[in-house]
Amino acid sequence: MKPLVLIVEDEAALVTMLRYNLEKEGFAVCEASDGEEALVQIAERKPDVVLLDWMLPLVSGIEVCRQIRRSPSSRTLPIIMLTARGEEGDRVRGLNSGADDYVVKPFSPSELIARLRAVMRRAKPASAEEVLRFADLAMDLAAHRVTRNGKPVHLGPTEFRLLRFLMQHPGRVFSREQLLDQVWGHDVYVEPRTVDVHIRRLRKALNENETADLVRTVRSAGYSLDLAGADAA
Ligand code: CA
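First, a word on scope: everything that follows refers to the structure included in this document.

Each helix and strand in the protein chain was counted, giving 8 helices and 11 strands. Within the span of the protein chain, comprising 233 residues, buried residues form 46% of the whole. A separation threshold of at least 6 residues defines the contact pool for the protein chain, and within that pool the share at least 24 residues apart is 55%. A total accessible area of about 12,400 Å² is found for the protein chain, and carbon and sulfur atoms account for 50% of it.

A separate point is the coordination of the calcium ion. Surrounding the calcium ion are the protein donor atoms E9 (OE), D10 (OD), D53 (OD) and M55 (O), which sit 2.1 to 2.6 Å from the metal. With a relative accessible area of 2%, E9 lands in the buried category.

The next subject is the pairing of strand β10 (residues 215-218). Of the strand pairs in this sheet, β10 and strand β11 (residues 222-225) are connected by 4 bridges, and their pairing is antiparallel. Bridging from a neighbouring strand, T217 pairs with Y223 of β11. A loop of 3 residues connects β10 with β11, the two strands running antiparallel in sequence, and S220 in this loop sits at a positive phi of about 60°.

Here is what the cut-offs are and how they apply
- Residues numbered from 1 in each chain as written.
- Predicted model: local features only at pLDDT ≥ 70, side-chain atom pairs only at ≥ 80, totals over all residues.
- Heavy atoms only, no water.
- Helix = DSSP H or I, 4+ residues; strand = E, 2+ residues; numbered from the N terminus.
- Buried < 20%, exposed > 50% of the residue type's maximum accessible area, 1.4 Å probe, protein only.
- Contact = heavy atoms within 4.5 Å.
- Areas by Shrake-Rupley, 256 points an atom, 1.4 Å probe, with all protein chains shown as cover.
- Donors = N, O, S within 2.8 Å, 3.2 Å for Na, K, Ca; no water.
- Pairing = 2+ DSSP bridges.

This is the structure we're talking about:
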């Protein structure tokens, strides 16, 4: 079955161009020209991925993105934001509101399709069973449950979100600032030191049974989820 792409865009010419290129590449396409219609289409057609324009009439793309994320049935739906703005602040806002990726207009259709395939690939394991795995660690996203080596790990809400983000990007090093943006959200003011506190709690919870430390501290750079273990916090 062809993967279904929902295009949410009010510019008819751009929709036509996108539809043409997507269909040529083997995708099925449905359309919405505003946010309200987008939410209806998502509920009815159940697309595999959404291309969401930032500038929409009535409700902004960012708000549509938040609404998609709020609903349990569409929480893991991959979203790529389309926008004319290329500023860093907007990119971060887009990603914080729940978008998986971001493409700046004007873009080449082949670049967009490559990004589309990438977010769908990344989304697959999570939407198929909603369980993230790393080493002997498993996170059941639907049940909000974490186990290590089959034993339950008890985490606070912040540690849960922190671990989820790290498990979604295993092996990558994130600075405190990046973690603040991704886990706490851009609009919240939290000191970078707060990240250290939550990393410490997360480590303690994960390593309760003296198992190998999976959280790596990279001096002056940040943290990653890594089998190499820690240089000690
Ligand atoms: Ca638009």
